[in-house]
Amino acid sequence: MHIKFKNYKLKLLHTSLDVVEEKISGVGKALADQRELYLGLLYPTEDYKVYGYVTNSKVKFVIVVDSSNTSLRDNEIRSMFRKLHNSFTDVMCNPFYNPGDPIQSKAFDSIVSTMMVQAC
Amino acid sequence: MEDGRMRVKCNFSGDQKFLENGRCVSKLESMGFRVGQGLIERFTKDTPRFKDELDVMKFICKDFWTSVFKKQIDNLRTNHQGIYVLQDNKFRLLTHLSAGKQYLEHAPKFLAFTCGLVRGALSNLGVKSIVTAEVSVMPACKFQVMIQKM
């Protein structure tokens, strides 16, 4: 039961990354604002809502929120992405960090934990 | 990762000195690459998404160059087929050397880091390239960017 749930989350993440790719490639219907970094709600499923954000350096951030959490507003999600972007930029500027490696920065982790606690 | 190489126009006496110099220049270039990656992350944090490759090059020539060297690139030329030449008539890292032929052969050492900087910045914007530089008249220099198809 537990493994099935984990696989579902992975599948959700992969699908949402595909949606992100679709949005930034610009093919198909005209998109809302091509120049914006925030992508908005990628797609809702029955249990989760997935939001996307792509930086100019092609780094993709995905936030998955429980559908039962209706109190989170759009601008709160936007500010969460900005905080993530800011703290990711700090990680990138750390000369000991090798781009592409998993992030091990404590500062980054604490920002993410604080955001998750605030959102709940 | 180590595709960009710094092609230098210089003459050295002795093979040993030549090899050592080449290694140092490569090292400078790769250091510049890593710094360029970090810098571009910071500089593009609040900018809107880039439309195309030319947009990216214009950003490098204006905003990026201004943030790093306090001036813009003086001239950008392209053949619209992936080659760009960025001309800086008063390159900050060369202005403290006396103009004229005396230090012309040492100029490439001062350009290696910047070549890496440009290559690293472009790399993180999704553009793979080879960046070389040449100096003909101090303190002017030209950076040549060759876009590599991914």
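Residues numbered from 1 in each chain as written. Chains lettered and ligands numbered in written order. Predicted model: local features only at pLDDT ≥ 70, side-chain atom pairs only at ≥ 80, totals over all residues. Heavy atoms only, no water.

Draft legend 1. Structural detail: the overall build of chain B. Helix and strand counts for chain B stand at three helices and four strands. Reading chain B from its N terminus to its C terminus gives the helix and strand order α-α-β-β-α-β-β. The C-alpha radius of gyration of chain B comes to 15 Å, within 12% of the 15 Å expected for a compact globule of 150 residues. Taken along the three principal axes of its C-alpha coordinates, chain B extends 50 × 30 × 30 Å. When the 150 residues of chain B are sorted by exposure, 45% land in the buried category. Long-range pairs, those at least 24 residues apart, make up 61% of the contacts in chain B with a sequence separation of at least 6. (Helix = DSSP H or I, 4+ residues; strand = E, 2+ residues; numbered from the N terminus. Rg over C-alpha atoms; globule rule 2.2 N^0.38 Å. Buried < 20%, exposed > 50% of the residue type's maximum accessible area, 1.4 Å probe, protein only. Contact = heavy atoms within 4.5 Å.)

Draft legend 2. Local environment of the pairing of strand E4 (residues 141-148) of chain B. Residues and elements named next belong to chain B. Covered by surrounding structure in E4 are Cys141, Phe143, Val145 and Ile147 only, the residues Lys142, Gln144, Met146 and Gln148 on the alternate face being uncovered. Bridge analysis of strand E3 (residues 128-134) against E4 gives seven bridges, and the strand direction is antiparallel. In the sheet register, Ala133 faces E4, and the bridge partner there is Phe143. Where E3 folds back on E4, the antiparallel hairpin that results is connected by six residues. (Pairing = 2+ DSSP bridges.)

Draft legend 3. Spatial organisation of the sheet that holds strand E2 (residues 83-88) of chain B. Residue and element names in this part refer to chain B. Taken in spatial order, the four strands of this open sheet run E1-E2-E4-E3, and their pairing is antiparallel. Strands at the two margins of the open sheet, each flanked by one partner only, are strand E1 (75-78) and E3. In this sheet, neighbouring strand axes are inclined to one another by 20° on average, regardless of whether the strands run parallel or antiparallel. For E2 and E4, the ladder comprises six bridges, and the chain directions are antiparallel. Each bridged residue has a counterpart across the sheet, and for Leu86 the counterpart in E4 is Phe143. Packing of helix H2 (residues 53-69) onto the sheet brings it into contact with E1, E2 and E4, and relative to E2 it is tilted by some 15°. (Axes fitted to C-alpha atoms, helices over the stretch in contact; angles between N-to-C directions.)

Draft legend 4. Looking closely at the interface of chain B and chain A. Listed per partner, the contact involves 16 residues of chain B and 22 residues of chain A. Counting the surface lost from both chain B and chain A, the interface buries some 1800 Å², and carbon and sulfur atoms represent 42% of this. Put simply, chain B and chain A have two salt bridges between them. Between Asp90(A) and Arg42(B) there is a salt bridge whose closest N-O contact spans 2.9 Å. Remark: the boundary between chain B and chain A carries twelve residue pairs in polar contact (both at pLDDT 80 or more). In terms of residues, the side of chain B that touches chain A owes the most to one element, helix H1 (residues 15-43) of chain B, which gives five residues. Of the residues that constitute the side of chain B that touches chain A, the class distribution is three nonpolar, five polar and eight charged. (Buried area = accessible area lost by both parts, 1.4 Å probe. Salt bridge = Lys/Arg side-chain N within 4 Å of Asp/Glu carboxyl O. Polar contact = N/O pair within 3.5 Å; in protein donor to acceptor, adjacent residues only side chain to side chain. Nonpolar A, V, L, I, M, F, W, Y, C, P; charged D, E, K, R; others polar.)

Draft legend 5. Representation of the packing of aromatic side chains. Residues and elements named next belong to chain A. Going through the model one piece at a time under the given rule, you end up with ten aromatic pairs over all chains. Here Phe61 and Phe88 contribute two aromatic rings whose centre-to-centre distance is 5.8 Å and whose plane-to-plane angle is 80°, an arrangement assigned as edge-to-face. Taken together, the positions of Phe61 in strand E3 (residues 60-66) and Phe88 in helix H2 (residues 74-93) put the pair 27 residues apart, joining distant regions of the chain. (Phe/Tyr/Trp six-rings, centres within 6.5 Å; stacked < 30°, edge-to-face > 60°.)

Draft legend 6. Broad picture of the pattern of salt bridges. Per the stated rule, a full pass over the model turns up seven salt bridges over all chains. The salt bridge partner of Asp46(B) is Arg82(A), with a shortest N-O separation of 2.6 Å. Note that Asp46(B) is positioned in the loop between H1 and H2 and Arg82(A) in helix H2, a pairing that runs across two chains. What makes Asp46(B) exposed here is its relative accessible area of 58%. With a closest N to O distance of 2.5 Å, Asp88(B) and Lys71(B) form a salt bridge.

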